[in-house]
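The residues making up each chain are set out below.
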Amino acid sequence: MSEIDTLHLALGERSYDILVGGGLLDRAGELALPVLKSPGAIIVSDDNVAPLYLERLRQSLAGAKIDCRDVVLPAGEQTKNFRHLEELINRLLDMKVERGTTLIALGGGVIGDLVGFAASVILRGIDFIQVPTTLLSQVDSSVGGKTGIDTRHGKNLVGAFHQPRLVIADLETLDSLPAAELRAGYAETAKYGLINDAGFFAWLEDAGKSLLDGDIDARRRAVTTSCRAKADIVAEDERETGKRALLNLGHTFGHALEAETGFCGALLHGEAVAIGIVMAFELSARLGLCPPQDTARVRAHYSEVGLPTDPPAIEGVDWNPDRLIGHMSADKKVEAGAITFILARGIGEAFIARDIGLDDVRAVLESCII
Ligand code: NAD
Ligand code: GLY
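Residues numbered from 1 in each chain as written. Chains lettered and ligands numbered in written order. Predicted model: local features only at pLDDT ≥ 70, side-chain atom pairs only at ≥ 80, totals over all residues. Heavy atoms only, no water.

**A word on the packing of aromatic side chains**
Item 1. Scanning the model with the defined rule gives 2 aromatic pairs in all.
Item 2. Seen in terms of ring centroids, Phe 200 and Trp 203 are 5.9 Å apart; in terms of plane orientation they differ by 15 degrees. Their pairing is stacked. One end of the pair, Phe 200, and the other, Trp 203, are both in helix H7 (residues 198-213), 3 residues apart, so they sit about a helical turn from each other.
Item 3. When its relative accessible area of 3% is taken as the criterion, Phe 200 is described as buried.
Item 4. Here Trp 203 falls in the buried class, since its relative accessible area comes to 17%. (Phe/Tyr/Trp six-rings, centres within 6.5 Å; stacked < 30°, edge-to-face > 60°. Helix = DSSP H or I, 4+ residues; strand = E, 2+ residues; numbered from the N terminus. Buried < 20%, exposed > 50% of the residue type's maximum accessible area, 1.4 Å probe, protein only.)

Spelled out as C-alpha cells, the structure:
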C-alpha cells in the first residue's frame, strides 16, 4: 500500500488535512469517515471523470458504510456558471440533502469550484470534501477554500470562501489525464517556485519533463511541495487581504486572455496562466525590476514543457491590448480603479504591485501578441 503524505492547513475550526498518495480513491471511505457529520454523502463529478473513477469511489465509501448517491454534470469550464449551479442545487434538493450530508467533489477545478460554492449556500452551508483528479486541482484549486463560478462579466466573480473538510489527492488519477490538461496544471505547479521558492523552480527545470511523462515520485514531490506552499500562505491570509494575492501570479493577464476567448475551451486556464506568468515577468523586466535572464528562463522552461508562452491563434479571437486591459479592469482584484499585478524581482521573488502604468502593460501585451 502506498504511503500517504499528510499536510495540514491550520485555520482554527476550519482546519483540515490534505492527503497525497497513490491509490487513495480505494481508501477514500476510511479516510473520509472521521470528518463526516453523518454517514451520508453525495458525490458530484463530471461526465469525463465519472466513467473512470465514480464506481471506485462509491465502492470505497460503501466499504466504510457511508451511504452514497451521485450527480454527474457535463465536463468543461462552461459548467462553472449560474445555470449549472442552479441545476446542481435543485438536484441536491430533489435528493433531500440534509445539513449533515457531505458533498464530495470528484474531478478537476471546475467541479471543485462549483461543488464548493453549492456547498457554501445550500441549506446555508454544508460540508464538502475535495477529491481532485487533475494536476491543477491537486496543486492549487482543491486547497484554500476559494469556490465560485464564472459570469458574463468574467471569471470567478461570484463565489464564496468555503473550506473543504478534507482533500484526498490520488496521484494515480493523473495517469488518465490528457497531456494538455497535465501541462496546464504544470503551469500552476511551477508558479510556487516562481513566487518564493527558487530551489523548487530549479528542481522543476530538471524534473519537469519526467513528472509530465508519469514519474510518480516526481509528481508526489511536486504536489506535496505545492500544497505545502499554498497551505502556508492560506493559513496566514485566508481571505486574501494581503499575501495570498501572490498566488495570483500570472492571473491578471491570464484571466483577461480567458475572458477574451469567452471561456470557449480553446485556451485552458493553466495555459492562460502560463502566458500570464510570462507576461508578468516581461512586465517586471521592462520596468527594470527583474533581470531579463530570469524572464528568459521562465519563458524557456514553459516552452520546453510544451506550454504556450504567447497568446496563440484561436479562430474568432482577435487579441487586442485595449480589450484585454478592459477585462483586467473588471477583475475582482481592482482596488480604487487600480489593477493589481503580481510582479517579480527575480525567480522566487514575487511581490504585489498596485501602481503600474497602463502604457507599460499595453507595451508588454503588444510585444507578446504576434
Ligand atoms: P477541469 O475541471 O475542467 O478539468 C480538465 C478536464 O480534464 C475536464 O475535461 C475534466 O473532465 C477532465 N478530467 C479531470 N480529471 C481527469 C482525469 N483524472 N482523467 C481524465 N480526464 C480528467 O479543469 P482544471 O484545470 O482542473 O481546473 C480549472 C478550473 O479551476 C478553472 O475554472 C479555474 O478557475 C479553477 N481554479 C480554481 C482555483 C481555486 O483556488 N479555487 C485555483 C486555480 C484554478
Ligand atoms: N488560486 C489562487 C488562490 O487560491 O488564492
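**Description of the site of ligand 1**
Item 1. The full set close to ligand 1 counts 28 residues, and Asp 46, Gly 109, Thr 133, Thr 134 and Ser 176 are the nearest of them.
Item 2. Asn 48 has a polar side-chain atom sitting 2.9 Å from an oxygen atom of ligand 1.
Item 3. Within the backbone of Lys 146, one N or O atom sits 2.8 Å away from a nitrogen atom of ligand 1.
Item 4. Relative to its unbound accessible surface of 860 Å², ligand 1 loses 92% to contact with the protein.
Item 5. Across the shell around ligand 1, the residue classes tally to 8 nonpolar, 10 polar and 10 charged. (Near = heavy atom within 4 Å. Polar contact = N/O pair within 3.5 Å; in protein donor to acceptor, adjacent residues only side chain to side chain. Areas by Shrake-Rupley, 256 points an atom, 1.4 Å probe, with all protein chains shown as cover. Nonpolar A, V, L, I, M, F, W, Y, C, P; charged D, E, K, R; others polar.)

**Looking at the pairing of strand E6 (residues 127-132)**
Every other side chain in a regular strand lies on the same face of the sheet, so the side chains alternate between the two faces.
Item 1. The buried fraction of E6 is high, at 6 of 6 residues.
Item 2. The β-α-β motif built from strand E5 (residues 102-107), the intervening helix H4 (residues 109-121) and the parallel element E6 has right-handed crossover chirality.
Item 3. Across 2 bridges, the pairing between E6 and strand E9 (residues 166-170) is parallel. In the strand pairing of E9, Ile 129 is matched with Leu 166. (Right-handed = clockwise from strand over helix to strand, strands pointing away. Pairing = 2+ DSSP bridges.)

**So, unusual backbone geometry**
Item 1. A positive phi angle is found at Arg 124, which is not glycine, with a value near 65 degrees.
Item 2. Residue class for Arg 124 comes out exposed when judged on its relative accessible area of 76%.
Item 3. The phi dihedral of Asn 156 falls on the positive side, at around 55 degrees, and the residue is not glycine.
Item 4. Tracing the backbone shows Asn 156 in strand E8 (residues 154-161).

**Comments concerning the pattern of salt bridges**
Item 1. Evaluation of the coordinates by the stated rule reveals 29 salt bridges.
Item 2. In this structure, Arg 220 and Asp 5 form a salt bridge, with 2.9 Å as the shortest nitrogen-oxygen distance. Taken together, the residues span a long stretch of sequence, with Arg 220 in helix H8 (residues 216-236) and Asp 5 in strand E1 (residues 5-9) at a distance of 215 residues.
Item 3. On the basis of relative accessible area, Arg 220 is assigned to the buried category, the value being 18%.
Item 4. Between Glu 238 and Arg 14 there is a salt bridge, with the nearest N and O atoms lying 2.6 Å from each other. With Glu 238 in the loop between H8 and helix H9 (251-260) and Arg 14 in the loop between E1 and strand E2 (16-21), this pair connects stretches of sequence that are 224 residues apart.
Item 5. What makes Glu 238 buried here is its relative accessible area of 11%.
Item 6. Three or more residues joined by partner-sharing salt bridges are found here, namely Glu 77, Lys 80, Asp 113, Asp 150, Lys 155 and Glu 258. (Salt bridge = Lys/Arg side-chain N within 4 Å of Asp/Glu carboxyl O.)

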